[in-house]
Amino acid sequence: NITVRPVSFNRHFSSTAEMIRRLKETAFLRGPIEKLADAEREQAWAEIERQLSRLEGPTGVEVPGEFLIGVGTK
C-alpha cells in the first residue's frame, strides 16, 4: 500500500547572485556541470543565471517547488 502526496514550497533568495552561489555549493548541479570543459561550464552557469534572473523581483527571488512524499506499508 503506497501513498504519494505532493507538498509545495517556496525558496527565497535575496538575489539571483545569492541563488547561483548556493546552487554552485550543491551537488545537484555542481556534479554534472563540473564534467564540462571550462568554457562550457562558464556558458552553462551564465545561461542558468540568465534564466533564473527572470524570477527576481523587488524582494529577491522566489523559487516555487514541490516535494513528492511517499509512504508505504506492508
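Look a little higher up for the structure.
Residues numbered from 1 in each chain as written. Predicted model: local features only at pLDDT ≥ 70, side-chain atom pairs only at ≥ 80, totals over all residues. Heavy atoms only, no water.

S.K.: How should the packing of aromatic side chains be read in this particular structure?
M.R.: Given two aromatic rings, their pairing is described by the distance between the two centres and the angle made by the two planes. Scanning the model with the defined rule gives 1 aromatic pair in all. Judged by centre distance (4.5 Å) and plane angle (25°), the ring pair of F9 and F67 falls under stacked. Within this pair, whereas F9 is found in strand β1 (residues 2-13), its partner F67 is found in strand β3 (residues 60-72), the two being separated by 58 residues in sequence. According to the relative accessible area criterion, F9 is partly exposed, its value standing at 27%. When its relative accessible area of 48% is taken as the criterion, F67 is described as partly exposed. (Phe/Tyr/Trp six-rings, centres within 6.5 Å; stacked < 30°, edge-to-face > 60°. Helix = DSSP H or I, 4+ residues; strand = E, 2+ residues; numbered from the N terminus. Buried < 20%, exposed > 50% of the residue type's maximum accessible area, 1.4 Å probe, protein only.)

S.K.: I would appreciate a short explanation of the sheet that holds β1 in the present structure.
M.R.: Spatial ordering of the open sheet is given by β1-β3-β2, a layout of 3 strands whose pairing is antiparallel. Only two strands of the sheet have a single neighbouring strand rather than two, namely β1 and β2 (56-57). (Pairing = 2+ DSSP bridges.)

S.K.: Looking at this structure, how should I read the pairing of β3?
M.R.: A regular strand carries its side chains on alternate faces of the sheet. Bridging between β1 and β3 involves 12 bridges; their strand directions are antiparallel. Across the sheet, the residue bridging to F9 is G65, located in β3. As defined by bridge partners, β2 adjoins β3 across 2 bridges and the pair is classed as antiparallel. Pairing of G57 across the sheet is with G60, part of β3. Following β2, the chain reverses through 2 residues before pairing antiparallel with β3.

S.K.: Would you mind going over helix α3 (residues 38-52) with me for this structure?
M.R.: Think of an α-helix as 3.6 residues a turn; residues three or four steps apart then line up on the same face. The end-to-end C-alpha distance of α3, which contains 15 residues, comes to 21 Å, matching closely the 21 Å that a straight helix rising 1.5 Å per residue would cover. Turning to α3, its buried residues are A44, W45, I48 and L52. The buried side chains of α3 occupy one side of the element, clustering within an arc of 95° when seen end-on. Every exposed residue of α3 that faces more than 90 degrees away from the buried side is listed here: A39, E42 and Q43. (Expected span 1.5 Å × (residues − 1). Arc of directions from axis to C-beta.)

It is worth stressing that arrangement in space is one thing and function is another; only the former is reported here.
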